[in-house]
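Below are the chains, spelled out letter by letter.
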Amino acid sequence: MTRYDVMIVGAGHGGAAAAIALRQRKFIGTIAIVGGEPELPYERPPLSKEYLAGDKPWERLLIRPAAFWAEREVAMLTGREVVSVDADARTVTTATGETIGYGQLIWAAGGHPRRLACSGHDLAGVHSVRSRADVDAMMAELATTTRVAVIGGGYIGLETAAVLAKLGKQVTVLEAQDRVLARVAGVALSCFYEAEHRAHGVDVRLGVAVDCIVGADGRATGVRFADGEVLPAEMVIVGIGIVPAVAPLLAAGAEGGNGVAVDAHGRTSLPDVYALGDCALHANAFADGVTLRLESVQNANDMATTVAKAITGAPEPYHAVPWFWSNQYDLKLQTVGLSTGHDAAITRGASAARSFSVVYLKGGRVVALDCVNAVKDYVQGRALVVNRAAPDPARLADPGVPLKDLASPPG
């Protein structure tokens, strides 16, 4: 049986960053990255943006070339899905029955696309956007696709809708809630993006209840709503979130549920087992200590550094400002902080100018910003979030007042 001093399960951003951080910190033991996909670690955010649009070739999505991993003696065990963990024996087992040993385990497996539970979810032409294979399958069908139904008005759904609309497809976005981005942004931003998509020819339908996917000869032909209406579509894209890939850890006895619970250093309740990234339930300082999962490149990378520090004997608690981004049409949205639970929102600038920011406050203190084509606000707004600044609302709303002038912590 092969054994590695550190085994990293998951070949995404977090897994790659963990291996890099270990070597940067002069870790000399053996390291392996075990990934379910056949590819080397690659960037996922461009899948629903530049890669789908054909603006970014596959090679440019690779986090590092093959030679990089070889030079740093990181074994790449691709195409191996880990299905079970034995914490006592310190082994994992793959779907093919292979057993691999570890000294310390880093779980960075991310998540799987949440599937529809209705009939027709498995028809040809129904796609998710999570892996290269997912997007390649979509791209292979575009030539014979005119109408696309996108189920889910979150970032993945809207980014994909924007690309397909630019490619000339008839796109309909179906959102169960009364606005898009309802889980991650305030009303002002939701209304802005709804208007933008409609201006680009996308049919945005809100408060829609999907009954099933209808099809013929094994292929999707449309979406049936709860009221009986059928929306014709040759392609259906499902963007309704992810299910954290933690079943093997939970089965091995790790604490968790919607993710695996970790402490401030990324440790799970299992001995010498760490977790990071999309699947890690952690108490986040920028959510007032609420335990949550963060699905972002920032979180994966920063948690990877935290875990590497713990493994190399220089532990430092995780404390990183959350940030996110989304590209749709010619709009670059940059978010810093977490707006969940905000009780006030102030808009800087006019959305009609397509360059503005929404500042979220809780108890008078800044907790997050959404900046649309407003890079300066994004850069300067970080200090407001870090300091939990309590600026004067009138000055905060004035785009002529630089945010750096308002970043002092409350007196």
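## Here we look at the sheet that holds strand β17 (residues 256–257)
Whether parallel or antiparallel, the strands of a sheet pair through hydrogen bonds between backbone atoms.
Next, step 1: Pairing is mixed in the open sheet, where four strands are placed in the order β17-β18-β20-β21. Two strands close off the open sheet at either side, each with one partner strand: β17 and β21 (291–292).

## Brief notes about the layout of surface pockets
Next, step 1: One number sums up the size of the second largest pocket: a volume of about 210 Å³.
Next, step 2: Every residue lining the second largest pocket is listed: Lys49, Glu50, Ala53, Asp55, Glu159, Ala162, Val163, Lys166, Leu167, Asn327, Gln328 and Tyr329.
Next, step 3: No other element matches the four residues that helix α5 (residues 155–166) contributes to the lining of the second largest pocket.
Next, step 4: When its residues are assigned to classes, the lining of the second largest pocket shows five nonpolar, two polar and five charged.

## Some details on the nonpolar core
Next, step 1: Counting 53 residues, the largest nonpolar core has Ile8, Leu105, Ile106, Trp107 and Leu249 as the members making the most contacts within it.
Next, step 2: The greatest single-element share of this core, amounting to seven residues, is contributed by helix α1 (residues 13–24).
Next, step 3: In this structure Trp107 touches Val9, Val82, Val85, Ala245, Val246, Pro248, Leu249, Tyr274, Ala275, Leu276 and Cys279, once residues within four positions along its chain are discounted.

## So, the packing of aromatic side chains
Next, step 1: Applying the stated rule across the entire model yields six aromatic pairs.
Next, step 2: Aromatic side chains Phe68 and Trp69 sit 5.1 Å apart centroid to centroid with 90° between the ring planes, which places their arrangement in the edge-to-face category.
Next, step 3: Of the residues examined, Phe68 reaches a relative accessible area of 12% and is grouped as buried.
Next, step 4: Ring pairs connect the aromatic residues Tyr42, Tyr51 and Trp58, which therefore count as one cluster.
Next, step 5: The aromatic ring of Phe68 is capped on one face by Arg64, whose charged end is 5.0 Å from the ring centroid.
Next, step 6: The aromatic ring of Trp58 is capped on one face by Arg132, whose charged end is 4.0 Å from the ring centroid.

## A closer look at unusual backbone geometry
Next, step 1: Residue Leu181 is not a glycine yet carries a positive backbone phi of 55°.
Next, step 2: Along the chain, Leu181 turns up in the loop between β10 (170–175) and α6 (187–199).
Next, step 3: Judged by relative accessible area, Leu181 falls into the buried class, the value being 2%.

## With respect to the sheet that holds strand β8 (residues 126–127)
Next, step 1: Spatial ordering of the open sheet is given by β8-β15-β9-β10-β11, a layout of five strands whose pairing is parallel. One side of each edge strand has no neighbouring strand; the edge strands of this open sheet are β8 and β11 (203–206).
Next, step 2: One ladder, built from two bridges, connects β8 with strand β15 (residues 235–238); its direction is parallel. Among the inter-strand pairings, Val126 is bridged to a residue of β15, identified as Val236.
Next, step 3: Contacts from α5 reach β9 (147–151), β10 and β15 within the one sheet, and its direction differs from that of β10 by about 165°.

## Here's the deal with α6
Next, step 1: In this model, α6 (13 residues) spans 18 Å end to end at C-alpha, consistent with the 18 Å of a helix rising 1.5 Å per residue.
Next, step 2: Within the span of α6, buried status applies to Leu189, Ser190, Phe192, Tyr193, Glu194, Glu196 and His197.
Next, step 3: Taken together, the buried residues of α6 touch α5, β11, β22 (323–328), β23 (331–337), β25 (356–362) and β26 (365–372).
Next, step 4: After α6 finishes, the residue Gly201 shows a positive phi value of roughly 90°.

## Some remarks on helix α4 (residues 132–141)
Next, step 1: Within α4, burial applies to Asp134, Val135, Met138 and Glu141. Burial along α4 is one-sided: seen end-on, the buried residues are contained in an arc of 125°. Exposed residues pointing more than 90 degrees away from the buried face of α4 are listed as Ala133 and Ala140.

## Considering the side chain of Ser131
Next, step 1: Within the element layout of this structure, Ser131 appears in the loop between β8 and α4.
Next, step 2: Judged by relative accessible area, which is 11%, Ser131 ranks as buried.
Next, step 3: The residues touching Ser131, leaving out its near neighbours within four places in the chain, are Glu37, Tyr42, Arg44 and Leu47.

## Brief notes about the environment of Arg132
Next, step 1: With respect to the helices and strands, Arg132 occurs in helix α4.
Next, step 2: Measuring from C-alpha to C-alpha, the distance between Arg132 and Leu47 comes to 6.9 Å, with 85 residues separating the pair along the chain.
Next, step 3: Excluding its chain neighbours within four sequence positions, the residues that come into contact with Arg132 are Glu37, Glu39, Tyr42, Leu47, Tyr51 and Trp58.

## Describing the pattern of salt bridges
Next, step 1: For the structure on display, the rule yields 21 salt bridges.
Next, step 2: For Glu37, the salt bridge goes to Arg44, with nearest N and O atoms at 2.6 Å.
Next, step 3: Since its relative accessible area comes to 23%, Arg44 is described here as partly exposed.
Next, step 4: Linking Glu43 and Lys56 is a salt bridge whose minimum nitrogen-to-oxygen distance equals 3.8 Å. Highlighted residues: Glu43 in the loop between β2 (31–34) and α2 (50–53) and Lys56 in the loop between α2 and α3 (66–71), separated in sequence by 13 residues.
Next, step 5: The class for Glu43 is partly exposed, based on a relative accessible area of 25%.
Next, step 6: Judged by its relative accessible area of 15%, Lys56 falls in the buried class.
Next, step 7: One connected set of salt bridges, linked through shared partners, spans Glu39, Arg132 and Asp136.

What counts as what
- Residue positions are counted from 1 within each chain, in the order its sequence is given.
- Only residues with pLDDT of at least 70 are given local features in this predicted model, and only at 80 or more are side-chain atom pairs given and counted; all residues enter the totals for whole chains, interfaces and linings.
- With hydrogens and water set aside, each side-chain value is computed from the structure's full complement of heavy atoms.
- Strand pairing requires that DSSP identify at least two bridges connecting the strands.
- A run of H or I in DSSP becomes a helix once it reaches four residues, and a run of E becomes a strand once it reaches two; helices and strands are each numbered from the N terminus.
- A cavity here means a set of 1 Å grid points, computed over protein atoms only, where a 1.4 Å probe fits but cannot escape. A pocket is an open set with protein on both sides within 12 Å along at least 5 of 7 lines, and lining residues have an atom within 4 Å of a point.
- Grid points are joined across faces, edges and corners, and a volume is the space filled by probe spheres set on the points.
- Ten residue types, Ala, Val, Leu, Ile, Met, Phe, Trp, Tyr, Cys and Pro, are classed as nonpolar, four, Asp, Glu, Lys and Arg, as charged, and the remainder, Gly among them, as polar.
- For the purposes of this section, nonpolar cores are sets of buried Ala, Val, Leu, Ile, Met, Phe, Trp, Tyr and Cys residues that join through side-chain atoms within 4.5 Å.
- Accessibility here uses a 1.4 Å probe with only protein chains present; expressed as a share of the type maximum, an area under 20% marks a residue as buried, one over 50% as exposed, and anything in between as partly exposed.
- Any two residues whose heavy atoms approach within 4.5 Å at even a single point are treated as in contact.
- Two rings belonging to Phe, Tyr or Trp (six-membered ring only in the last case) form a pair when the distance between their centres is within 6.5 Å. Interplanar angles under 30 degrees mark stacking, angles over 60 mark edge-to-face geometry, and anything in between is tilted.
- Over a ring means this: the NZ of a Lys or the CZ of an Arg is within 6 Å of the ring centre and within 35 degrees of the ring normal.
- Only the stretch in contact is used when a helix axis is fitted, and all axes are lines through C-alpha atoms; the angle between N-to-C directions ranges over 0 to 180 degrees.
- By this rule, a helix spans an expected 1.5 Å times one less than how many residues it contains.
- Note that the arc is defined by the directions from the helix axis to the C-beta atoms.
- Any carboxyl oxygen of Asp or Glu that lies within 4 Å of a side-chain nitrogen of Lys or Arg is treated as forming a salt bridge with it.

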